[in-house]
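Listed below, chain by chain, are the residues.
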Amino acid sequence: RKEVEQDPGPFNVPEGATVAFNCTYSNSASQSFFWYRQDCRKEPKLLMSVYSSGNEDGRFTAQLNRASQYISLLIRDSKLSDSATYLCVVLIPGNQFYFGTGTSLTVIP
Amino acid sequence: DGGITQSPKYLFRKEGQNVTLSCEQNLNHDAMYWYRQDPGQGLRLIYYSQIVNDFQKGDIAEGYSVSREKKESFPLTVTSAQKNPTAFYLCASSVGTSGYEQYFGPGTRLTVT
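### Digging into the side chain of Arg37(A)
All names here are of chain A.
1) Next: Here Arg37 lies in strand 4 (residues 32-38).
2) Next: Only 2.7 Å separates the side chain of Arg37 from the backbone oxygen of Ser81, close enough to count as a polar contact.
3) Next: What Arg37 contacts, discounting residues up to four positions off in sequence, is Glu43, Pro44, Lys45, Leu47, Ser81, Asp82, Ser83, Ala84, Thr85 and Tyr86.

### Structural notes on the interface of chain B and chain A
Bring the parts together and some accessible area is lost; that lost area is often taken as the interface size.
1) Next: Taken together, the contact between chain B and chain A spans 24 residues of the former and 20 residues of the latter.
2) Next: Contact between chain B and chain A buries roughly 1700 Å² in total, counting both sides, with carbon and sulfur atoms accounting for 52%.
3) Next: Among the residues chain B hides against chain A, the three largest losses belong to Leu43(B), Phe104(B) and Arg109(B). Together they make up 24% of the total.
4) Next: At the junction of chain B and chain A, the tally comes to zero salt bridges.
5) Next: Connecting chain B to chain A are four residue pairs in polar contact (both at pLDDT 80 or more).
6) Next: Secondary-structure elements contributing two or more residues to the side of chain B that touches chain A are strand 4 (31-37), strand 5 (44-51), strand 9 (87-94) and strand 10 (103-104) of chain B.
7) Next: The leading source of residues in the side of chain B that touches chain A is strand 4 of chain B, at three residues.
8) Next: A per-class count over the side of chain B that touches chain A returns twelve nonpolar, nine polar and three charged.

### What to know about the sheet that holds strand 6 (residues 55-57) of chain A
Residues and elements named next belong to chain A.
1) Next: Strand order in the open sheet made by the five strands is 1-3-8-7-6, with antiparallel pairing throughout. Of all strands in the sheet, those bounded by a partner on one side alone are strand 1 (4-6) and strand 6. Looking at each pair of strands side by side, their axes are set apart by 20° on average, direction ignored.

### Describing the pairing of strand 11 (residues 103-108) of chain A
All names here are of chain A.
1) Next: Alternating residues of strand 11 divide into Thr103, Leu105 and Val107, all buried, and Ser104, Thr106 and Ile108, none buried.
2) Next: Two strands pair when backbone bridges link them, and strand 9 (residues 84-92) and strand 11 are joined in this way by three bridges, in the antiparallel orientation. Opposite Ala84, over in strand 11, you have Leu105 as the bridge partner.

Reading the values: the criteria
Residues numbered from 1 in each chain as written. Chains lettered and ligands numbered in written order. Predicted model: local features only at pLDDT ≥ 70, side-chain atom pairs only at ≥ 80, totals over all residues. Heavy atoms only, no water. Helix = DSSP H or I, 4+ residues; strand = E, 2+ residues; numbered from the N terminus. Polar contact = N/O pair within 3.5 Å; in protein donor to acceptor, adjacent residues only side chain to side chain. Contact = heavy atoms within 4.5 Å. Buried area = accessible area lost by both parts, 1.4 Å probe. Salt bridge = Lys/Arg side-chain N within 4 Å of Asp/Glu carboxyl O. Nonpolar A, V, L, I, M, F, W, Y, C, P; charged D, E, K, R; others polar. Pairing = 2+ DSSP bridges. Axes fitted to C-alpha atoms, helices over the stretch in contact; angles between N-to-C directions. Buried < 20%, exposed > 50% of the residue type's maximum accessible area, 1.4 Å probe, protein only.

Written out as C-alpha cells, the structure reads:
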C-alpha cells in the first residue's frame, strides 16, 4: 500500500469555481502534512502547511482529518493561474517525507 | 537572493558513464535531499543528509552516491549501476528534518541514451 494516495484527476473547472482535493495517508503516526504546487516541468513549491486545526490562506483552505487519515485542499474562486498539479506531502516517523503522485487541475476561461 | 541552485538544467549522457549533479543552497539549512521524479509517479527519495559528513539512504538509493563535505553543497552522482537513470532530479533543503517544510531547486533533467 502506498504511503500517500491522491486522485490524479484531471480536474477541469471553470474560472470562479470551487474545487476540492483529498489525499489519504496510510501511517497513523504521520506527523506533518503539506500541500505543494508543481507547474509543468518545474520544481514543486510549498503552497501551505496543514495544521490540526485547519488553516486558510486567502482562497486556499487546508484541513486535516486524523481519524480518517486524510487531508484536503479547497480552492475558492479559481483563477486561470491556479492551473497546476497539487502534491500532497506527509512526514512519517523517521523524518522521511512521502509525496503523492499529484492531482492535476486545469481552470478553464 | 537566498535559494537553491542546481546545475545544469539539462544533461545528456551515454549509457555507462557516471554523471554528477550539482546542488548548492545559501539558506543555511542543515538538511538536504535528493529526489527523482518520473512521469506519473510521485517524488521518490534517493538520499538525504541531516548534517555535514552524514547522509542516509532513501527508498531508491541503489546506483546513486552522494557526499556532504560542506553545509551548502550536496552533489549526487548517478553511476553506471543505475538501471534507469533518465529522470527529473530535484534537490531540496530544509531547516531540519523534524517537520520543517522543504524548499526545492529548479531540477536537472538527465537523459541517458
